[in-house]
Amino acid sequence: MVDFATSEKFQNMYDRMVSLLKNIKEMDISDLLNCIKELKEEDVDVFDCLDFMQLWYRDVLMYKVTRDINLMVFKNEHNAINEICEKSGYDGLELILQAIDKARVRLNANVNQDLALELMLLTMKEN
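Note that this is a predicted model, so its numbers are computed, not measured. (Residues numbered from 1 in each chain as written. Predicted model: local features only at pLDDT ≥ 70, side-chain atom pairs only at ≥ 80, totals over all residues. Heavy atoms only, no water.)

Draft legend 1. Structural context of the packing of aromatic side chains. Applying the stated criterion across every chain yields a total of 5 aromatic pairs. Taken together, a centroid distance of 6.2 Å and an interplanar angle of 45 degrees make the contact between F10 and Y14 tilted. On the criterion of helical spacing, the pair formed by F10 and Y14 is a turn pair, its members being 4 residues apart in helix 2 (residues 8-23). Relative accessible area serves as the criterion here: at 15%, Y14 is assigned to the buried category. Measuring from ring centre to ring centre gives 6.0 Å for Y14 and F74, while their planes differ by 40 degrees; the resulting arrangement is tilted. With Y14 in helix 2 and F74 in the loop between helix 4 (46-66) and helix 5 (78-87), this residue pair connects regions lying 60 residues apart in the sequence. Residue class for F74 comes out buried when judged on its relative accessible area of 5%. One cation-aromatic arrangement involves K64 over Y90; the distance from NZ or CZ to the ring centre is 5.2 Å. (Phe/Tyr/Trp six-rings, centres within 6.5 Å; stacked < 30°, edge-to-face > 60°. Helix = DSSP H or I, 4+ residues; strand = E, 2+ residues; numbered from the N terminus. Buried < 20%, exposed > 50% of the residue type's maximum accessible area, 1.4 Å probe, protein only. Lys NZ or Arg CZ within 6 Å of the ring centre and 35° of its normal.)

Laid out in structure tokens, this is it:
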């Protein structure tokens, strides 16, 4: 696990996921589809991405509730997370976390990966 966390592959996933999560509201559908395509081409583990997203939105919720940066995993992304807190309500954040869970269930049930991720990203964009 430590090897993965310090690997170039992890850093690439980290950079790509942070960029996606910071900019998802401004992205259009074709950008989201491109993101899915690029992740597949780079052979990124989709379940690692879902875990990453859950951690990110956990930070958003935690910061929205407590305003305590020390409780955050992504402390260095404080400004972006604060901005998301301002734009998203509790209901929207709950829908996003449910969409991530649904995507995980769908992928485990062998639903089309692109479709499962598309539905999740659209929910994230809209909330």
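Draft legend 2. Geometry of unusual backbone geometry. Positive phi outside glycine occurs at D43, with the angle close to 55 degrees. Here N110, not a glycine, exhibits a phi torsion of approximately 65 degrees, which is positive. With respect to the element layout, N110 can be found in the loop between helix 6 (90-108) and helix 7 (113-126). Looking at N110, the relative accessible area reads 71%, which means it is exposed.

Draft legend 3. How the structure looks around the pattern of salt bridges. The tally for this structure, following the rule as stated, stands at 9 salt bridges. D51 is the partner of R104 in a salt bridge, and the nearest nitrogen-oxygen pair spans 3.1 Å. Of the two residues, R104 is situated in helix 6 and D51 in helix 4; the sequence distance between them amounts to 53 residues. Note on R104: relative accessible area 18%, which makes it buried. Overall, the relative accessible area of 38% leaves D51 in the partly exposed class. In this structure, the salt-bridge partner of E86 is R67, at a minimum N-O distance of 3.1 Å. Residue E86 is located in helix 5, and its partner R67 is located in the loop between helix 4 and helix 5; the two are separated by 19 residues in the primary sequence. Among the charged side chains, a network of salt bridges with common partners joins R16, E38 and E42. (Salt bridge = Lys/Arg side-chain N within 4 Å of Asp/Glu carboxyl O.)

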